[in-house]
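Observations on chain architecture
Residue strings, one per chain:
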Amino acid sequence: MSHQAPFPVVATALSPSAVRITWGIPEDQPATVQVRRDSPPTARIIAELDATQYEYDEVGLQADTLYSYSVSAVYPDGDILWGSGQGGSNTARTLPGPTPPGGGGGGGGGGGGPTPAEPVTNAVAVASSWNHVHLSWENPSSGASSIEIWRWNEPWSLASEQKWYGLPAAATTFDDGPEQGPDGQPTPVPRTSYMYKVNRTNPVGSQPVNTNQVTTPGKPLAPWRHSGAALQGGFGHWGNYEMVLPVGDHLAHYWRDNDTPGLPWHGPTELPPPPHGPQGPGRFVLPVTFSAAAVLQDNADAGPGNLAVVAVAATAGGTYLTGYSRDDAGWHGPTQLLADGQGIADATGCPGFIQGTFGNHGNYELVVPVGDHLAHYWRDNDSPGQPWHGPTELPAPAPGSLRPGLAELPITFRDVSLIQTNLGDNQALDVMACAQNTAGDQILLRYTRDTAGWGLPHLVIADGTPITGLSEPG
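In this text the structure is predicted, and so the values were computed from the model without any measurement. (Residues numbered from 1 in each chain as written. Predicted model: local features only at pLDDT ≥ 70, side-chain atom pairs only at ≥ 80, totals over all residues. Heavy atoms only, no water.)

**What to know about the overall build of the protein**
Formally: Secondary structure elements are defined from DSSP: runs of H or I of at least 4 residues count as helices, runs of E of at least 2 residues count as strands, and each element is numbered from the N terminus. We call two residues in contact when some of their heavy atoms are within 4.5 Å. Computed with a 1.4 Å probe, the accessible areas rest on the Shrake-Rupley method; for each residue, only the protein chains presented here act as cover.
Within the protein, the secondary structure is distributed over zero helices and 37 strands. Contacts spanning at least 24 positions in sequence make up 56% of the contacts within the protein whose residues lie at least 6 apart. Entry remark: accessible area of the protein is about 21,400 Å², with carbon and sulfur atoms responsible for 53%.

**Section: the confidence of the model for the protein**
We apply this condition: pLDDT: the predictor's confidence for each residue, scored from 0 to 100.
When pLDDT is averaged across the protein, the result is 80; 82% of the residues are at 70 or more. No element of the protein has a lower mean pLDDT than strand 12 (residues 162-167), at 66, and none a higher one than strand 30 (residues 388-393), at 96. In the model, residues 99-112 has pLDDT below 50 throughout and makes 36 contacts with residues more than four positions away in sequence or in other chains. In the predicted structure, residues 221-227 sits below a pLDDT of 50 and forms 31 contacts with residues beyond four places in sequence or in another chain.

**Points about the environment of G455**
Inclusion rule: For the exposure calls, accessible area comes from a 1.4 Å probe over protein chains only, and a residue counts as buried if that area is under 20% of its type's maximum, exposed if over 50%, partly exposed in between.
Checked against the element boundaries, G455 lands in the loop between strand 34 (453-454) and strand 35 (458-459). Residue G455 is classed as partly exposed on the basis of its relative accessible area of 26%. When the C-alpha positions of G455 and P395 are compared, they lie 7.0 Å apart, and in sequence the two are 60 residues distant. Here G455 is in contact with P395, Y447 and T448, once residues within four sequence places are set aside.

**A closer look at the sheet that holds strand 24 (residues 330-336)**
By way of backbone hydrogen bonds, the strands of a sheet pair with one another, either parallel or antiparallel. Applied cut-off: Pairing between two strands is assigned when DSSP locates at least 2 bridges connecting them. A fitted line through C-alpha atoms represents every axis, and for helices the fit uses only the stretch in contact; the resulting angles, taken between N-to-C directions, go from 0 to 180 degrees.
Judged by pairing direction, the sheet is antiparallel, and its four strands sit side by side in the order 21-22-23-24 without closing on themselves. Because the sheet does not close on itself, it has two edges, and the strands there are strand 21 (289-297) and strand 24. Within the sheet, the average angular offset between the axes of one strand and its neighbour, ignoring direction, is 20 degrees. Inspection of the sheet shows strand 23 (residues 318-327) paired to strand 24 by five bridges, in the antiparallel sense. Paired with R326 across the bridge in strand 24 is W331.

**Quick look at the pattern of salt bridges**
Our working definition: We count a salt bridge whenever a side-chain nitrogen from Lys or Arg sits within 4 Å of a carboxyl oxygen from Asp or Glu.
What the rule picks out here adds up to nine salt bridges. Residues E55 and R20 are paired through a salt bridge, measuring 3.6 Å at the closest nitrogen-oxygen approach. Here R20 lies in strand 2 (residues 18-23) and E55 lies in strand 5 (residues 55-59), a separation of 35 residues in the sequence. We note a salt bridge from D176 to R151, for which the minimum N-O separation is 2.7 Å. On the criterion of sequence distance, the pair formed by D176 in strand 13 (residues 173-176) and R151 in strand 11 (residues 146-153) is long-range, its members being 25 residues apart. R151 carries the same exposure label as D176, and that label is buried. Among the ionic contacts, a cluster of salt bridges with common partners joins R20, E55, D57 and K197.

**Here we look at the side chain of T216**
With respect to the helices and strands, T216 occurs in the loop between strand 16 (214-215) and strand 17 (230-232). In this structure T216 touches A127, S129, W130, V133, P188, V189, P190, R191, T192 and Y194, once residues within four positions along its chain are discounted.

**Description of the packing of aromatic side chains**
The description of an aromatic ring pair rests on the distance of the ring centres and on the angle between the ring planes. For clarity, the cut-off: Aromatic pairing here means that ring centres of Phe, Tyr or Trp (its six-membered ring) are within 6.5 Å. Orientation follows from the plane angle: under 30 degrees is stacked, over 60 is edge-to-face, and everything else is tilted. Two conditions define a charge sitting above a ring: the NZ of Lys or the CZ of Arg must be within 6 Å of the ring centre, and it must be within 35 degrees of the ring normal.
One pass over the full model with this rule turns up four aromatic pairs. Taken together, a centroid distance of 6.3 Å and an interplanar angle of 55 degrees make the contact between Y241 and W265 tilted. Of the two residues, Y241 sits in strand 18 (residues 241-247) while W265 sits in strand 20 (residues 265-270), which places them 24 residues apart along the sequence. Among the residues examined, Y241 registers a relative accessible area of 31% and is labelled partly exposed. The aromatic ring of W150 is capped on one face by K197, whose charged end is 4.1 Å from the ring centroid.

**Thoughts on the pairing of strand 5**
Buried residues dominate strand 5, accounting for five of its five residues. Pairing of strand 2 with strand 5 involves five bridges; the strand directions are antiparallel. Residue T22 lies in a different strand from strand 5, and its bridge partner there is E55.

**Notes on the sheet that holds strand 19 (residues 250-256)**
The antiparallel open sheet is built from four strands, whose spatial order is 17-18-19-20. Strands with a single pairing partner mark the edges of an open sheet, and in this sheet they are strand 17 and strand 20. Across the sheet, the axes of successive neighbouring strands diverge by a mean angle of 20 degrees, strand direction being ignored. With seven bridges joining them, strand 18 and strand 19 adopt antiparallel strand pairing.

**Details of the pairing of strand 20**
With zero of its six residues buried, strand 20 lies for the most part at the surface. Where strand 19 and strand 20 come together, four bridges link them in antiparallel fashion. Paired with R256 across the bridge in strand 20 is W265.

Structure representation (structure tokens):
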């Protein structure tokens with residue numbers, strides 16, 4: 001196997017008696033790295049370090065003296081590759097000034113003269129959330145002028161390095177996150193491995209200490225999961241209200257600013273009109289009349305997430321479900337929703353639409369009222385193209401399974417509300433569906449899907465009485 005040498009090696013004078021050596025970490029994971037001072041007077045290895053280190057300070061050197069360095073990568077198979085500089089970058093002349101008594105030895109101090117600040121101990125990094133890492137360490141008793149925090153992430157190269165300055169010398173913690181992150185530096189992102197260096201410094205030099213490697217978890221599913229035409233989203237400090245309403249031949253987006261006194265509503269923003277053309281995937285025979293909409297905000301890996309809308313659109317060619325999305329660039333769509341190549345059609349009311357916990361990124365779950373039954377669809381958010389699948393038809397109530405006089409069959413379903421419960425271990429889907437029986441009763445039925453699949457519906461009973469008499473739509 002062909003291995004890589006550390007490159008480039010860069011030497012930088014810190015003081016009359018100290019030089020800092022840095023290098024690029026090879027991507028093929030050596031076991032250790034060695035730092036060698038090539039001259040003067042003769043070549044010798046001055047440090048052997050963990051392979052994640054990319055910096056070393058040699059102290060106790062002679063003032064106004066030119067020093068040259070190389071760094072090797074030592075691999076488990078015994079291969080050792082030495083890397084040097086580019087254009088003389090691996091050489092540095094110490095600054096003019098007095099040399100510490102006994103100077104010139106390098107690597108461990110200069111016999112009683114000024115020395116770099118002692119390193120911290122017990123440096124630990126803990127990922128406390130998807131965008132927050134907490135650092136802690138212990139300081140030695142000797143003084144220092146400041147503490148620097150460095151961060152880098154996979155593939156552990158100098159290109160990913162980011163530096164923060166100016167922590168007080170007595171600091172023992174640092175929070176890398178949106179609340180306390182340094183100005184102009186990006187905060188951690190989900191599912192990313194980071195490592196930090198805590199560098200205690202004084203005018204002579206420093207001795208950095210690496211923390212453990214830490215990996216941030218995935219962003220939790222958005223707390224605004226729901227179904228319906230309105231939600232409280234993640235935009236703004238307090239979370240603005242977002243609402244999408246059907247208004248005849250278009251959809252209108254409104255939002256309430258929950259950060260401003262008086263909580264004013266703004267809008268409408270009209271969503272793009274459907275494309276006109278022969279009936280087919282993504283095309284609509286105009287005119288189109290929108291009758292219902294359900295909106296969610298997803299759990300994007302960064303930022304507050306995008307809005308997604310599923311709307312019922314009636315055309316001369318039939319009734320179809322259409323999809324919109326909104327990102328930083330604005331609203332996109334509509335597109336006719338296709339599940340396994342077939343349009344999702346014939347909705348008789350407002351669908352239930354959420355982002356659930358199934359899959360790594362949280363699949364979309366959709367339950368559509370279709371006349372005498374409900375149909376379940378889901379979008380695979382882990383697969384390229386994020387395809388929709390379905391339908392799975394929810395079971396019809398068995399004759400006599402519901403209370404006599406309240407559920408004469410057949411039943412016609414209209415509006416649906418969908419949630420995913422956090423009760424128990426199976427994260428069941430829960431559906432509340434408005435339906436009308438042959439006697440004209442407007443009733444409320446509940447379905448649940450667990451690991452065994454969709455169960456039979458039940459009347460929703462409140463304090464011993466079925467919920468009935470619901471108003472019919474417009």
